[in-house]
Each structure stands twice: as C-alpha cells, then as structure tokens.
Amino acid sequence: EVADEMGFLIELESHYGLYAYIRNEKTGDFIPERVKVWQEQIGDQIIYQRNHPSIIMWSADNENLLQTQHDAPVNKKAVENILSFNAYIKGLDPTRLIHNQGDSDLGFYTADSRVDIYDIHYPDPSTLRGWREKFNNKPVVIGEESYGSDVTWTFQGRIQETLNNGGDPIPRYW
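Just so it is clear, the structure is predicted and the values come from calculations on it, not from any experiment.

Q: Explain the pairing of strand β2 (residues 55-62) to me, please; I cannot follow it from the model alone.
A: Two faces belong to every sheet, and in a regular strand the side chains alternate between them. With 7 of its 8 residues buried, β2 lies for the most part within the structure. With 4 bridges connecting them, strand β1 (residues 10-13) and β2 associate as parallel partners. Residue isoleucine 10 lies in a different strand from β2, and its bridge partner there is isoleucine 55. One ladder, built from 4 bridges, connects β2 with strand β3 (residues 97-101); its direction is parallel.

Shown next as structure tokens:
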C-alpha cells in the first residue's frame, strides 16, 4: 500500500528460486506434487497482490535455468517447463508483464511470446551490444548488478581479475 501511495514501481518475484527442488534430476521432468505447491503459492500471491497498481510485472523465477544450465547444452525440456510457469502466471493476471530473473542472459527463449521482458544479471557492457537483435526487440532490464565486487563472476570482478593478470580489460569489455 505504501508503494501504491508513493508511486513506486514493483516487480514482484516468485519465491520459486530453486529449480532443482521441483524437478527430477535424472529426467529433467517436473515433480507434479511440487509444481502443484508452487502453483498454489504463486497463485495465492498474485491473487492477493494483483490489485496493487504499483506492481508492474511478475517474475516467475530467479535464475532457475542459470542454476542448472550454466555452461551446459540447452535443456529444451527445462526451458519449456520454466516457460509453462510464465503461461500459468499470465493466466492469473494477463494485464502485467512476465519475466524470468536472470535467465534471459542465456538467450534460450528470445522469440517466445511467454516472455514479455528480458532480465539480465551481472552483465558486462558487451552483453548489451546489439540488444534489439539479441532479444527480439523486447525490453531488457538489469535485474541484479554488483558494483565494486571482486567476485569473478561479476563484471567488475572479471575486470579486476584481468588487471591483476596484467591485462587490459578495455578491448574486451568496451
């Protein structure tokens, strides 16, 4: 209610952030009982919150494909399962945008109509070059960023690592 009164814009993220919890590790299939629990919980959350004008979009998940697909071949079944969550949410509230926190930087579903906006986590500037073509001319947001971190999976960490190794990061990142 405070966000509504003050004019804040909110993206409400699903609590579902651990893909491994609801899938069979051997087959990649979702475990129906766990999916049902997720649907009940996200359904309750959306029904309870959807009348707040400050909420402008829903997030179906947080880095679920990234957690299971990083540096691996695309698992089309996993992608389809995640996108089925988007369709479920859109069925509950067709008026708001749907996105997937941090998964779109993997580029698995740039042309899929179940994704309205792309969310990238910890990008380096080169990720955004040619974004209109990369992301099928859909909006892009940076959902998570780390400034000043020396953790190597962040953009800043990779720059620091390059400098520490005597390299020049400018040609690579700019």
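Let us keep going from here.
Q: When you look at a nonpolar patch on the surface in this model, what are you seeing that I'm missing?
A: A cluster of nonpolar side chains, Val2, Met6 and Phe8, forms an exposed patch at the surface whose accessible area comes to about 320 Å². Considering the arrangement of structural elements, one finds phenylalanine 8 in the loop between α1 (2-6) and β1.

Q: Sorry, what's going on with the side chain of serine 59 here?
A: Counting through the fold element by element, serine 59 comes out in strand β2. A residue is classified by how much of its surface remains accessible, and serine 59, at 1% relative accessible area, is buried. Excluding its chain neighbours within four sequence positions, the residues that come into contact with serine 59 are Glu11, Leu12, Glu13, Ser14, Ile89, His99, Asn100 and Gln101.

Q: Hey, could you run me through the sheet that holds β2 in this one?
A: By definition, the strands of a sheet pair up through backbone hydrogen bonds, in either a parallel or an antiparallel sense. In spatial order, the strands read β1-β2-β3; together these 3 strands make up an open sheet with parallel pairing. Of all the strands in the sheet, the pair left with one neighbour each is β1 and β3. Strand-to-strand twist in this sheet, taken as the mean axis angle between neighbours without regard to direction, amounts to 35°. Against the sheet, helix α2 (residues 32-49) touches β1 and β2, its axis set at about 170° to β2.

Q: Would you mind showing me how to read the pattern of salt bridges here?
A: Two side chains of opposite charge can pair, provided their charged atoms sit close to one another. Scanning the model with the defined rule gives 3 salt bridges in all. Where lysine 36 meets glutamate 40, a salt bridge forms, and the shortest distance between an N and an O atom there is 3.8 Å. Of the two residues, lysine 36 and glutamate 40 are both situated in helix α2; the distance of 4 residues between them amounts to about one turn of the helix. With relative accessibility at 43%, the residue glutamate 40 sits in the partly exposed group. The partner of aspartate 116 in a salt bridge is lysine 90, and the shortest N-O contact between them spans 2.8 Å. Placement of the pair is aspartate 116 in the loop between β3 and β4 (118-121) and lysine 90 in helix α4 (residues 76-92), with a sequence separation of 26 residues.

Here is what the cut-offs are and how they apply
Residues numbered from 1 in each chain as written. Predicted model: local features only at pLDDT ≥ 70, side-chain atom pairs only at ≥ 80, totals over all residues. Heavy atoms only, no water. Buried < 20%, exposed > 50% of the residue type's maximum accessible area, 1.4 Å probe, protein only. Helix = DSSP H or I, 4+ residues; strand = E, 2+ residues; numbered from the N terminus. Pairing = 2+ DSSP bridges. Patch = residues over 30% accessible without salt bridge, like charges linked within 9 Å, V, L, I, M, F, W, Y side chains within 5 Å. Areas by Shrake-Rupley, 256 points an atom, 1.4 Å probe, with all protein chains shown as cover. Salt bridge = Lys/Arg side-chain N within 4 Å of Asp/Glu carboxyl O. Contact = heavy atoms within 4.5 Å. Axes fitted to C-alpha atoms, helices over the stretch in contact; angles between N-to-C directions.

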